[in-house]
Amino acid sequence: MAPLLESVWQYLITHFSEFQLATVGTFLIHESVFFLSGLPSVYFERSGLFSEYKIQKKSNTAEAQEKCIVRLILYHVCVNLPVMLISYPIFRWMGLRSSQPLPHWSVVLSQIIFYFILEDFVFYWGHRLLHTKWLYKHVHSVHHEYATPFGLTSEYAHPAEILFLGFATVVGPALTGPHLLTLWLWVILRVLETVDAHSGYDFPWSPSNFLPLYGGAHFHDYHHRVLYTKSGNYSSTFVYMDWLFGTDKGYRKIKALEEEEGSSKKL
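Everything numeric in this text was worked out from a predicted model, so none of it was measured.

Here's the deal with the confidence of the model for the protein
In the predicted model, the protein carries a mean pLDDT of 95, and the fraction of residues at 70 or more is 97%. Looking at the elements of the protein, mean pLDDT is at its lowest for helix 10 (residues 249-266), recorded as 78, and at its highest for helix 7 (residues 180-197), recorded as 98.

What follows is the structure in structure tokens.
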């Protein structure tokens, strides 16, 4: 596998500049992973497939789904891509590289773990700030237009929020100056995580059912379906920040009641 990856990487750096790979390449990877992982939940809602695993019984209309997709394409092209183009010199200055040799798997793993922990910490406080009255009304309420989330709503937000919370995603790589391969892997994993959290479905094979401290769809769905002043569950990936600061009490209470009702029905 390693020789094949090295050959593919050599082809990329031979035929494309680092600027092209780090900007357009990253954008294309993000778009591909985001829409390929997010579109299935649109189909699930429309077809009723896997309805037994749907967290909320309500479904979005086709018009609401289409509005989300059109806005996302607009935001990605007009906000995300220009930011990637402009920020390349900063990442390059901070140590980003694309040359051979590729980083050892232990370096990649340690950096990815660091990115997840740091992103979750920064996101928690930024997200909690967005739930203050003024910022919620003028910025974050756009994201909460969808009280019943589906995968693609994960990045449906006010442009200011895209920049504000996007900082949480890039601060780790900016500090460590990773290899471009590591950055791409981080983008893929982060996109898959946020799409899963907004999917609206709690499958038996969902990561939250076997990864300790991972929030997942059930954890984040609660955040969308209650009033912004009482929502809690502000973390992006893990649950410990909300537990430490007591912002998951409402969710824990509801979950305990649901589990109790489930047990009663089995009896």
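That covers the picture; the talk isn't over yet.
So, helix 7
Here helix 7 is 18 residues long and its end C-alpha atoms lie 26 Å apart, about the 26 Å a rise of 1.5 Å per residue gives. Of all 18 residues making up helix 7, 13 are buried, and the element is well covered by its neighbours.

Remarks on the state of the cysteines
Here the structure, examined in full by the defined rule, presents 0 disulfides. Of all cysteine sulfurs, the one in cysteine 78 lies closest to cysteine 68, which takes part in no disulfide; the gap is 16 Å.

Quick word on a nonpolar patch on the surface
A surface patch of nonpolar side chains, about 450 Å² in accessible area, is lined by Phe19, Val24, Leu28, Leu85 and Ile86. Sorting the residues of the nonpolar patch by element identifies helix 2 (18-47) and helix 3 (62-93) as the ones contributing at least two each. In terms of residues, the nonpolar patch owes the most to one element, helix 2, which gives 3 residues.

As for the pattern of salt bridges
Within this structure, the stated rule accounts for 8 salt bridges. Ionic pairing is found between arginine 92 and glutamate 18, a salt bridge with its closest N-O pair at 2.6 Å. Taken as a pair, arginine 92 in helix 3 and glutamate 18 in helix 2 lie far apart in primary sequence, 74 residues in all. Exposure remark for arginine 92: the relative accessible area of 41% places this residue in the partly exposed category. Arginine 252 is the partner of aspartate 248 in a salt bridge, and the nearest nitrogen-oxygen pair spans 3.1 Å. Aspartate 248 gets classed as buried once you look at its relative accessible area, which sits at 3%. Classification of arginine 252 as partly exposed rests on a relative accessible area of 33%. Taken together, the shared-partner salt bridges connect Glu119, Arg190 and Glu193 into one network.

As for unusual backbone geometry
Cis geometry marks the peptide bond from glutamine 100 to proline 101; its omega dihedral reads 0°. Within the secondary structure layout, proline 101 lies in the loop between helix 3 and helix 4 (105-130). A positive phi angle is found at leucine 213, which is not glycine, with a value near 70°. For leucine 213, the position within the fold is in the loop between helix 7 and helix 8 (216-225).

Remarks on the nonpolar core
Counting residues in each nonpolar core, the largest one holds 18 residues, and the members touching the most others are Trp9, Leu96, Ile112, Leu180, Trp184 and Trp186. Sorting the residues of this core by element identifies helix 1 (2-15), helix 2, helix 3, helix 4 and helix 7 as the ones contributing at least two each. Apart from residues no more than four positions distant in its own chain, tryptophan 184 is found in contact with Trp9, Leu12, Leu21, Gly25, Thr26 and Ile29. The next biggest cluster of nonpolar side chains, apart from the first, holds 15 residues, and it includes Val33, Val142, Tyr146 and Tyr156.

Let's talk about the packing of helix 4 against helix 7
Put simply, helix 4 and helix 7 touch, their axes get as near as 10 Å, and they point 50° apart. Our classification of the angle between helix 4 and helix 7 gives oblique. Where helix 4 crosses over helix 7, the handedness of that crossing is right-handed. Counted together, Val108, Gln111, Ile112, Tyr115, Phe116, Glu119 and Phe123 of helix 4 and Thr182, Leu185, Trp186, Leu189 and Arg190 of helix 7 form the full contact between these two elements. For the contact of helix 4 with helix 7, a count of residues per class yields 8 nonpolar, 2 polar and 2 charged.

Description of the packing of aromatic side chains
The final tally for this structure, using the stated rule, is 28 aromatic pairs. Between phenylalanine 44 and phenylalanine 50, the aromatic rings sit 5.0 Å apart at their centres with planes inclined by 80°, giving edge-to-face as the arrangement. Residue classification places phenylalanine 44 among the buried positions, given a relative accessible area of 15%. Ring centres of phenylalanine 50 and phenylalanine 203 lie 5.4 Å apart, and the angle between their planes is 85°; on these two criteria the pair is classed as edge-to-face. Residue phenylalanine 50 is located in the loop between helix 2 and helix 3, and its partner phenylalanine 203 is located in the loop between helix 7 and helix 8; the two are separated by 153 residues in the primary sequence. Accessibility expressed as a relative area gives 11% for phenylalanine 203, which makes it buried. Over the face of the ring belonging to tyrosine 201 we find lysine 54, whose NZ or CZ atom lies 5.9 Å from the ring centre. One cation-aromatic arrangement involves arginine 190 over phenylalanine 123; the distance from NZ or CZ to the ring centre is 5.8 Å.

Rules used throughout
- Residues numbered from 1 in each chain as written.
- Predicted model: local features only at pLDDT ≥ 70, side-chain atom pairs only at ≥ 80, totals over all residues.
- Heavy atoms only, no water.
- pLDDT = per-residue confidence, 0-100.
- Helix = DSSP H or I, 4+ residues; strand = E, 2+ residues; numbered from the N terminus.
- Expected span 1.5 Å × (residues − 1).
- Buried < 20%, exposed > 50% of the residue type's maximum accessible area, 1.4 Å probe, protein only.
- Disulfide = S-S within 2.5 Å.
- Patch = residues over 30% accessible without salt bridge, like charges linked within 9 Å, V, L, I, M, F, W, Y side chains within 5 Å.
- Areas by Shrake-Rupley, 256 points an atom, 1.4 Å probe, with all protein chains shown as cover.
- Salt bridge = Lys/Arg side-chain N within 4 Å of Asp/Glu carboxyl O.
- Core = buried A, V, L, I, M, F, W, Y, C linked by side-chain atoms within 4.5 Å.
- Contact = heavy atoms within 4.5 Å.
- Axes fitted to C-alpha atoms, helices over the stretch in contact; angles between N-to-C directions.
- Parallel < 35°, antiparallel > 145°, perpendicular 65-115°, else oblique.
- Left-handed = near helix turned anticlockwise from the far one by under 90°.
- Nonpolar A, V, L, I, M, F, W, Y, C, P; charged D, E, K, R; others polar.
- Phe/Tyr/Trp six-rings, centres within 6.5 Å; stacked < 30°, edge-to-face > 60°.
- Lys NZ or Arg CZ within 6 Å of the ring centre and 35° of its normal.

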